[in-house]
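Analysis of the macromolecular model
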Amino acid sequence: MSVLPYLVAGWLFLAGCVGMATSRNLIHAVGSLAVCQSSTYVLLLAVGYRRGGTAPVHSDIRPGSRPLVDPVVQALTLTDVVVGATVTALLLALVVQVAKRHGTVDPDELRELRG
Amino acid sequence: MSPRTRLWVLACGVAGVAALLAVTVWRLPPFGGARHPYGERAVEAALASRVANAVASVNFDQRAFDTLGEQAILFGSVLGTVVVLRQTRDERRVEPEPAGVAGPVRRYALIALPVVLLTGVYVVAHGQLSPGGGFQGGVVAATGLHLLYVAVDYRALKRVRSVHLFTLADAAGEAGYLLLGTGGLLAGTAYLTDVLPLGTFGTLASGGTVPLLNAAIGVEVAAAVVVLLARFLDQAIEIVTSGEEGDRAPGTDGAPGTGGARPAGGTGRADGADGPHRTGRGGAG
């Protein structure tokens, strides 16, 4: 089935969205966002895959001797992973402060603004 | 909006997006197909600039300006985390206590520490030759440093890890990337153009500016991860709220400065086989 990886990416994205929307805990919400983001990795790598292809690195293969998978999407995924990790860290830092100031991490209980 | 209505809105949205995705995927190029026009051109360009790792060439040569934006996001997130997790007026620091570690853990972590650090540097340095690069190697090296926390304790980590220095290194990595880009301007071409001699294919100095940009990113990522983890570890171990809401450290309310009275988190390892209890592990929840 030639569209299964794309469907997996879509399923991951929606699962993350449902997780975020129904979350009762901000840490869980940040985790769900990470699931959403991982769907982009699956999509990008699926787009770049080539049957029988190998890694686009010429450290041990002669250039042109074998088909290669797409390096562009791999580079995009790579930066995505690193940036995603640090953004997750920033969000978790916000959760730490929310928990300290409001004494809860349930988004439904965080209705009012407080200085 | 009541929770029930909200679920219905969510269900409609999810069903709509799912239907659109299900229709769209059939029009995408088939999975595993042989036609990758961008990939083929990127590999050609990588070989032309004598970079063996095509991914590194895409990141640091063909799309170097894009990577500049990505690493600016990284820098911004770290800056934001440092600001958000600072010590506020109603908080104070307690000195972390010395902690005992099981013998095998200490031995293996201390053996692994230099190996992991070296691996990190290796992965950064060979970024244009073999799989890896500044992003990956930086994370490996920064993680390796924290084996010291696993092997000894937080005080040992604090002694060798000056957060101030790593903050400077983070900024230096960012500045290094920006300044290396101006080399193109000085040579009369576009910003971040690879203007240095390309060297011999497959050697450590090949690829012109690619290894240099890789190194700048490696320094930035390693320093960024160290600073991030330092802020989180500070929150978990050192910083406690003073005053009446002492829920982070029950029993130490009042009397600021009595740091020794900090309870030992919630780890509950009371076998006493290895000296005093480890402080702050997974604690302060």
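Residues numbered from 1 in each chain as written. Chains lettered and ligands numbered in written order. Predicted model: local features only at pLDDT ≥ 70, side-chain atom pairs only at ≥ 80, totals over all residues. Heavy atoms only, no water.

Note the cut-off: UniProt positions are given in the numbering used here, feature names are shortened, and annotations may be inferred rather than shown by experiment.
Named according to an unreviewed UniProt entry, chain B is Na+/H+ antiporter MnhB subunit-related protein domain-containing protein originating from Streptomyces cacaoi. Turning to chain B, the UniProt record has this under Sequence similarities (unreviewed entry): "Belongs to the CPA3 antiporters (TC 2.A.63) subunit B family." What UniProt states about chain B under its Subcellular location (unreviewed entry) heading is, verbatim, "Cell membrane".

As named in an unreviewed UniProt entry, chain A is Dehydrogenase, taken from Streptomyces cacaoi. Under the UniProt heading Sequence similarities (unreviewed entry), the entry covering chain A gives this text: "Belongs to the CPA3 antiporters (TC 2.A.63) subunit C family." The UniProt entry for chain A carries this comment under Subcellular location (unreviewed entry): "Cell membrane".

1. Considering the overall build of chain B
Worth spelling out the cut-off: By definition, any uninterrupted DSSP run of H or I lasting at least four residues is a helix, any uninterrupted run of E lasting at least two residues is a strand, and each is numbered from the N terminus. Relative accessible area decides the class of each residue, using a 1.4 Å probe on protein chains only: under 20% of the type maximum gives buried, over 50% gives exposed, and in between gives partly exposed. Only heavy atoms enter the contact rule, under which two residues are in contact if any of them lie within 4.5 Å. Note on areas: these come from Shrake-Rupley sampling with a 1.4 Å probe, and a residue is covered only by the protein chains present in the view.
The helix and strand inventory of chain B stands at ten helices and two strands. Taken from N to C terminus, the helices and strands of chain B fall in the order α-α-α-α-β-α-α-α-α-α-α-β. Counting all 285 residues of chain B, 41% fall into the buried class. Counted over contacts in chain B with a minimum sequence separation of 6, partners at least 24 positions apart contribute 71%. Just so you have it, chain B exposes about 14400 Å², and 68% of that area is on carbon and sulfur atoms.

2. A few points about unusual backbone geometry
Glycine aside, residues mostly have negative phi, and peptide bonds are mostly found in the trans state. Residues and elements named next belong to chain B. One non-glycine residue, Arg50, lies in positive phi territory at about 60°. Examined against the element boundaries, Arg50 turns out to sit in the loop between α2 (37-48) and α3 (54-62). Residue Arg50 is classed as partly exposed on the basis of its relative accessible area, which comes to 36%. Not every positive phi belongs to a glycine, and Leu192 is a case in point at roughly 65°. For Leu192, the location among the structural elements is in the loop between α9 (163-186) and α10 (210-238).

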